Amino acid sequence: MLLPKSLLDSSITAQIGPTNTGKTHRAVERMLEHETGMIGLPLRLLAREIYDRVSARVGEGAVALVTGEEKRSGPRPRYYVCTVEAMPTDREVDFLAIDEIHLAGHVERGHVFTDRLLNWRGRRETWFLGADTIRPILERLAPTAVIECKPRMSRLSWGGNVNLRGLPPRSAVVAFSVDRVYELAERLRARRGGAAVVMGALSPRARNAQVALYQSGEVDYLVATDAIGMGLNMDVDCVAFADLRKFDGRKLRGLEDAELAQIAGRAGRYHNNGKFVTLAPLPALPPGTVRAIEEHHFPVQTRVFWRNSDLDLRSLASLAASLARRPPQSCLELVDDAEDARALARLVADAEIAARCRSSANVALLWQVCQIPDYRQLQLDDHFKLLRAVFLQLTGPRGRLEKDWIARHLERLSELQGDIDTLLARMAFIRTWTYITHHSRWLDDARAWQEQARKLEDDLSDALHERLVRRFVDAASRRGRGRPAARGQFAEQLRDAVALVSSDEVATPVDLDRWVDELVQAGSDRFGLDDEGRIVVVGEEGGGPHPPLPNPPAMVRAEQSSPPPHAFPDGRVLGRLTRGADRLRPEVVVTADNLGPGAKLRLQRRLVAWARDLAETLLALLRDEPLAKLGPAARGIVYQLEQGLGTALATAAQAQLRQIAPADRSRLGRAGIKLGRRVVYAAPLLRPEAVLVRATLCRAFLGPGVPLAPPPSPARCFLPSEEIDDDTCLAMGFPVFGGVAIRADEVEFLATRIASGLRTRAVGERLGCDEEIAAAVVAALAEPRRRR
């Protein structure tokens, strides 16, 4: 999103400080206050976590997830949650945020963060979030930024040196190699019952399943790489360093104090204090390092990495020259030997490739191919062979990747047998192929290949999670476990959950984890409402992608018999809608039985997002682009319609109706919005399927103690019970006049005819009511609206 220079000095805020200051949380909340927004995050795993959080607030239909390997988008996305490298350049948004901006000093990735700092802005507001070490760089490169220093919300203190036996529950042990992670997890299994494992190489699906083991209390320990240092939120009381040196891709080196603090800061989330320790036989940390971490004082960054982003793609020579361009400021250091630049240098040395780069289009294509990441971290020759094959096929006669060639590669990765290392290697290669398949112009039937790659990653993720549990979690200690009082946001969902015991008749926890993840990943049309307004499984997924919104939600009759142990069948009740902050934001209670606490939490988050989509889909016509051009008075009417699920009383909108401009009246009319004498309403939202959704949202808001059935279709009116108030009837599209809930369009028809002399008997015949009730309706419609 490279914006004109005139916008580069729009409102800029930099929130800096240590971990656990709530910077990312505040940025997400601020983004949701704007009509549109985008946030760039440092990790795919964190992007998925924030995507889940945002979609639970506004529905999946309003959110897009964009990473190198995963793109998930509703039909009308207003908010984009991305990895920093994958942020789309063709979207302008009102609000833009970049998290962990201090990573501009990272030798491999820093130039991307620096580019976002220099060149990317929101139309109205831009936020940069990071450690306070980046302050001098911000002051120099974004001089108009308002810099806010945020204090840590809890205390982080040194706990000394401990051995594994003395490690307290709710601890995360941190190591910097896969072998060390395995070793420590096995020791914890032998001595403490087991541990969950989190590494950057895990897919979001496998990572979520592992984190759920820990968050739910099925295991009390977590073994992780420094992937947990990038904002992944878990209830950790203590961080234990098992290593203090890491291989950074170039050399083995000791961690800097600021890097240790980033990881140690995962302990003590929100207002819970945390501590950090070293794990014997490591020595204690030096007093100076301890003091720096506890007081959050580190040397400031004076240089960040930079690379020219305005590339000249006319020829290979001009591309190389633009990549080698010197930085314009002394605080910027030219990135040396980046992975994509190494790939370019290697590929242009190939005579056949160089010969095909006679046009600027092919030079641009070659540079795109060089961006394909090497998640396998193989010998460079192997990765270059893949890149070479991709480019030669794309510049061949068909201009597409060959189907048989793709199929052969994916077939090799479909094997689910093997140990953890074997599955991780396959998953890394699948990530590369997922990246490739999301370049839709490179393939025929790209969507089908994307689905196939995603399914392979899911299958490998499930197999990997199963191997991790089998190897690092003692089965006897896991059975029946679940924290009786999990903290914070997880407490309510997890308190009464019980993990499933494996038997011949009942699915194992790993099986249920897999099936829940299938539902979590499914399109919104996998869920529906039964005739009691409960959320149920609808149909099996087909071969292609699904519309991300339920439009309209499927209605099925709930299955009353016990489900088979190895599936969620059609009609299986998963949960029910409950009262939320308002009718537009219902909450969800998961009622599906036999789920462990981790699986229940993941399903609950997915169903909340689906519930938000009910309202988003219902009110989509009120949020279409043509209505964005309305004046203040017309926008006020649209706001009242949103709050009333598509209907408002004319008396409540009198001020706006008097001031509305003629052009806005036309825009509203074209959208199906009727400005009546008694009622303002959106005509499409009176269709039976829309009324059903409106009634469902109203029933949830009233709570379980108030019976509410949808008006029978195609009824023109109904007599509301004493428990149903006028506002609820109005929100269903049936405002109350004379004690009768009358469909909004029928109200306007009758009001017009009554003014022309329509008799009471004719009103009764039309509404199907006796003459006394009809008289009350006539009286109510013949004069200004009176509440009963």
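No experiment lies behind these values; they were computed from the predicted model shown.

Cut-offs and rules
- What you see as residue numbers is a count from 1 along each chain, following the sequence as written.
- The model is predicted, so local features are restricted to residues of pLDDT at least 70 and side-chain atom pairs to those at 80 or more, both for listing and for counting; the totals for chains, interfaces and linings are taken over all residues.
- For the side-chain quantities, the full set of heavy atoms in the structure was used; hydrogens and water were omitted.
- Helix and strand definitions follow DSSP, with helices as H or I runs of at least four residues and strands as E runs of at least two, each counted in order from the N terminus.
- Buried residues are those whose accessible area, probed at 1.4 Å on protein chains only, stays under 20% of the maximum for their type, while exposed residues exceed 50% and partly exposed ones sit between those limits.
- Every residue gets a pLDDT, meaning the predictor's confidence in that residue, from 0 to 100.
- Any pair of residues with heavy atoms lying within 4.5 Å of one another is described as a contacting pair.
- Helix axes use the C-alpha atoms of the stretch in contact, all axes being lines fitted to C-alpha atoms, and the angles between their N-to-C directions lie in the range 0 to 180 degrees.
- For classification, angles of less than 35 degrees are called roughly parallel, those exceeding 145 degrees roughly antiparallel, those between 65 and 115 degrees roughly perpendicular, and all remaining angles oblique.
- Just so you know the grouping, Ala, Val, Leu, Ile, Met, Phe, Trp, Tyr, Cys and Pro go in nonpolar, Asp, Glu, Lys and Arg go in charged, and all remaining residues, Gly too, go in polar.
- Paired strands, as defined in this entry, are two strands with at least two bridges between them according to DSSP.
- The arc in question is the one traced by the directions running from the helix axis out to the C-beta atoms.

A look at unusual backbone geometry
The peptide bond linking A280 to P281 adopts the cis configuration, its omega dihedral lying at 15°. Positive phi outside glycine occurs at R170, with the angle close to 65°. Although it is not a glycine, D445 sits at a positive phi angle of roughly 55°. One can find D445 in the loop between helix 15 (420-437) and helix 16 (446-472). We classify D445 as exposed; its relative accessible area is 53%.

Considering the confidence of the model for the protein chain
Put simply, the protein chain has an average pLDDT of 84, and 88% of its residues get 70 or more. Note that pLDDT drops below 50 for residues 483-507; the model gives that stretch 52 contacts with residues more than four away or on any other chain. The low-confidence segment residues 540-568, where pLDDT is below 50, has 77 contacts with residues more than four positions distant or belonging to other chains.

Concerning the packing of helix 5 (residues 178-192) against helix 16
Two elements in contact, helix 5 and helix 16, have axes separated by 8 Å at closest approach and are oriented at 50°. If you check the angle between helix 5 and helix 16, you find them oblique. Contacts from Y182, A185, E186 and R189 of helix 5 reach helix 16 at R470, R471 and F472. Broken down by class, the residue content of the contact of helix 5 with helix 16 amounts to 3 nonpolar, no polar and 4 charged.

Focus: the environment of F429
For F429, the position within the fold is in helix 15. Remark: the alpha-carbon pair of F429 and H409, spanning 20 residues in sequence, is separated by 9.4 Å. With sequence-adjacent residues up to four places away left out, F429 is seen in contact with R376, L386, H409 and L413.

Side note on the sheet that holds strand 7 (residues 125-130)
Reading across from one edge, 4-3-5-2-6-7-1-8 is the order of the 8 strands in this open sheet, with mixed pairing throughout. Each end of this open sheet is capped by a strand with a single partner; those strands are strand 4 (71-73) and strand 8 (146-149). Put simply, the sheet's adjacent strands are angled 15° from each other on average, direction ignored. Sheet topology places strand 6 (residues 95-98) next to strand 7; 4 bridges connect them, and they run parallel. Counterpart to F95 in the pairing with strand 7 is E125.

Regarding the sheet that holds strand 26 (residues 679-682)
Sheet strands pair via backbone hydrogen bonds, and the direction of the pair is either parallel or antiparallel. Pairing is antiparallel in the open sheet, where 3 strands are placed in the order 24-26-25. The outermost strands of the open sheet, each flanked by one partner alone, are strand 24 (647-649) and strand 25 (673-675). Along the sheet, successive strands turn relative to each other by an average axial angle of 10°, direction set aside. Bridge analysis of strand 24 against strand 26 gives 3 bridges, and the strand direction is antiparallel. Note on strand 26: the bridge partner recorded for T647 is Y681.

Let's talk about the environment of A648
Tracing the backbone through its elements, the reader meets A648 in strand 24. Taking relative accessible area as the criterion, A648 reaches 6% and is therefore assigned buried. Counting along the chain gives 11 residues from A648 to I637, while the straight-line C-alpha distance between them is 8.3 Å. Beyond its immediate stretch of four places on either side in the chain, A648 contacts Q640, L641, V679, V680 and L730.

Description of helix 27 (residues 760-767)
Three or more residues of helix 27 are buried, namely V763, G764 and L767. The buried residues of helix 27 occupy one face: seen down the axis, they fall within an arc of 100°. Facing away from the buried side of helix 27 by over 90 degrees, the exposed positions are R761 and E765. Buried residues along helix 27 sit against strand 27 (717-718), strand 29 (740-742), helix 26 (744-755) and helix 28 (771-781). Looking one or two residues beyond helix 27, the residue adopting positive phi is G768, at roughly 75°.

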